[in-house]
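# Examination of the molecular architecture
Here are the chains, one letter per residue:
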Amino acid sequence: MTTLRILLVEEASPFRDAIASALANGGHQVSVTESVGGGPNDFAPDAVVYGEGFTQAVGQERERQIALRRPVNMEVLRRALRGS
């Protein structure tokens, strides 16, 4: 599995922390923020995963962008990150 740098944009702290933990346990490097434009400036993500209420205008166009739908199916999210 390829390690991805993932920016997770989600307002709900417990939900954000659970998703970030699951992605990190899957071997990915995860940076979390609760708002668009957040996150470290030196973090260049391969993918942006964003929660409900955010638009796809998050981040740069070069990243893969994935919208979360609740309840989150982690296997579906993993497939989306793999691009399959």
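So, here's what we can say about the structure. (Residues numbered from 1 in each chain as written. Predicted model: local features only at pLDDT ≥ 70, side-chain atom pairs only at ≥ 80, totals over all residues. Heavy atoms only, no water.)

### Comments concerning the overall build of the protein
Of the regular secondary structure elements, the protein holds 2 helices and 4 strands. Counting helices and strands in the order they occur from the N terminus, the protein gives β-α-β-β-β-α. Taking all contacts inside the protein whose residues are at least 6 apart in sequence as the whole, residues at least 24 apart take part in 51%. When the accessible surface of the protein is split by element, carbon and sulfur atoms take 46% of a total near 5,000 Å². (Helix = DSSP H or I, 4+ residues; strand = E, 2+ residues; numbered from the N terminus. Contact = heavy atoms within 4.5 Å. Areas by Shrake-Rupley, 256 points an atom, 1.4 Å probe, with all protein chains shown as cover.)

### What about the packing of helix α1 (residues 13-25) against helix α2 (residues 74-82)?
Running from N to C, α1 and α2 cross one another at 60°; their axes reach a closest spacing of 12 Å. It follows from the interaxial angle that α1 and α2 lie oblique. Note on packing geometry: the crossing formed by α1 with α2 is right-handed. Between α1 and α2, the contacting residues are Ile-19, Ala-22 and Leu-23 on the first element and Met-74, Leu-77 and Leu-81 on the second. Looking at the contact of α1 with α2 residue by residue, the classes come out as 6 nonpolar, no polar and no charged. (Axes fitted to C-alpha atoms, helices over the stretch in contact; angles between N-to-C directions. Parallel < 35°, antiparallel > 145°, perpendicular 65-115°, else oblique. Left-handed = near helix turned anticlockwise from the far one by under 90°. Nonpolar A, V, L, I, M, F, W, Y, C, P; charged D, E, K, R; others polar.)

Keep in mind these values describe shape, not function.
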